[in-house]
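One-letter residues, chain by chain:
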Amino acid sequence: AAAMEDTEYFEKCIGEIMRVRELTVSKLKEMGFDVLPSKTNFVFAKKEGFSGETIYTELKKRGILVRHFKSERIKDFVRITIGTEEQMNAFIEKLQEIIE
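Residues numbered from 1 in each chain as written. Predicted model: local features only at pLDDT ≥ 70, side-chain atom pairs only at ≥ 80, totals over all residues. Heavy atoms only, no water.

Student: Describe the overall build of the protein chain, and please don't skip the residues or the numbers.
Tutor: Assigned secondary structure in the protein chain consists of four helices and three strands. Start at the N end of the protein chain and walk to the C end: the helices and strands fall as α-α-β-β-α-β-α. Here the protein chain holds 100 residues, and the buried ones make up 30% of them. Relative to all contacts within the protein chain whose residues are 6 or more apart in sequence, the contacts with residues 24 or more apart total 58%. In the form shown here, the protein chain has an accessible surface area of approximately 6800 Å², with 52% of it arising from carbon and sulfur atoms. With 17 positive and 18 negative side-chain charges, the protein chain shows a separation of 6 Å between the mean positions of the two kinds. (Helix = DSSP H or I, 4+ residues; strand = E, 2+ residues; numbered from the N terminus. Buried < 20%, exposed > 50% of the residue type's maximum accessible area, 1.4 Å probe, protein only. Contact = heavy atoms within 4.5 Å. Areas by Shrake-Rupley, 256 points an atom, 1.4 Å probe, with all protein chains shown as cover. Lys, Arg positive; Asp, Glu negative; His and termini not counted. Charge placed at Lys NZ, Arg CZ, Asp CG, Glu CD.)

Student: Summarise the side chain of Thr24; cite the residues concerned and give the values.
Tutor: Tracing the chain through its elements places Thr24 in helix H2 (residues 7-30). Here Thr24 falls in the buried class, since its relative accessible area comes to 2%. Beyond its immediate chain neighbours, meaning those up to four positions away, Thr24 contacts Ile82, Met88, Phe91 and Ile92.

Student: Before we move on, could you go through the packing of H2 against helix H4 (residues 85-99) and cite the residues and values that matter?
Tutor: Where H2 contacts H4, the two axes come as close as 10 Å, and the packing angle between them is 15°. Judged by the inter-axis angle, H2 sits roughly parallel to H4. You can see that H2 and H4 cross each other, and the crossing is right-handed. Contacts between H2 and H4 involve Arg19, Val20, Leu23, Thr24, Lys27 and Leu28 on the former and, on the latter, Glu85, Met88, Asn89, Phe91, Ile92 and Leu95. In terms of residue class, the contact of H2 with H4 is built from seven nonpolar, two polar and three charged. (Axes fitted to C-alpha atoms, helices over the stretch in contact; angles between N-to-C directions. Parallel < 35°, antiparallel > 145°, perpendicular 65-115°, else oblique. Left-handed = near helix turned anticlockwise from the far one by under 90°. Nonpolar A, V, L, I, M, F, W, Y, C, P; charged D, E, K, R; others polar.)

Student: Give a description of the packing of aromatic side chains that names residues and reports values.
Tutor: Per the counting criterion, the structure on display carries two aromatic pairs. With centroids separated by 5.8 Å and ring planes inclined at 80°, the aromatic side chains of Phe42 and Phe44 adopt a geometry described as edge-to-face. Taking the relative accessible area as the measure of exposure, Phe42 reaches 21% and is therefore partly exposed. Their ring planes at 85° and their centres at 6.3 Å tell us that Phe44 and Phe77 sit as a pair that is edge-to-face. Here Phe44 is found in strand S2 (residues 42-47), whereas its partner Phe77 is found in the loop between helix H3 (52-61) and strand S3 (78-81), with 33 residues between them in sequence. Neither Phe44 nor Phe77 differs from the other in exposure class; each is buried. Clustering of aromatic rings is evident, with ring pairs tying together Phe42, Phe44 and Phe77. (Phe/Tyr/Trp six-rings, centres within 6.5 Å; stacked < 30°, edge-to-face > 60°.)

Student: How would you explain the layout of surface pockets if you had to name every residue and give the values?
Tutor: Put simply, the largest pocket is a space of about 190 Å³. Lining the largest pocket are Ile64, Leu65, Val66, Arg67, Arg79, Ile80, Thr81, Gly83, Gln87, Met88, Ala90 and Phe91. When residues of the lining of the largest pocket are traced back to their parent elements, those giving at least two are S3 and H4. With four residues, H4 is the largest single contributor of residues to the lining of the largest pocket. (1 Å grid on protein atoms, 1.4 Å probe; cavity = no way out; pocket = protein on both sides within 12 Å on 5 of 7 lines; lining within 4 Å. Points joined across faces, edges and corners; volume = space filled by probe spheres on them.)

Student: Please set out H3 residue by residue, giving values where relevant.
Tutor: Looking only at H3, the buried set comprises Gly52, Ile55 and Leu59. For H3, the angular spread of buried residues about the axis comes to 65°, placing them on one side. Phi turns positive one or two residues past the end of H3, at Gly63, with a value near 85°. (Arc of directions from axis to C-beta.)

If you want it as structure tokens, here you go:
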């Protein structure tokens, strides 16, 4: 409740999430991922030739956790929560290993 009342802190956090989300989306697109538009603290992304489950499993083996859902509409996607810039760089690095 205190964090919500501190509007300066709240706005700073929102701004950082938005900045890192856009950097991450840009890097994912450069890597050939389709990324659904997002105004949240997460994105859904998929890569042609890779199942969502494969990406999820391979990232997990490398210590990176994303979400994967088996629902037919989104089974090819992974849900990626936006973390710090450092965390997202580590995510991108491991993801690059998988798709190469």
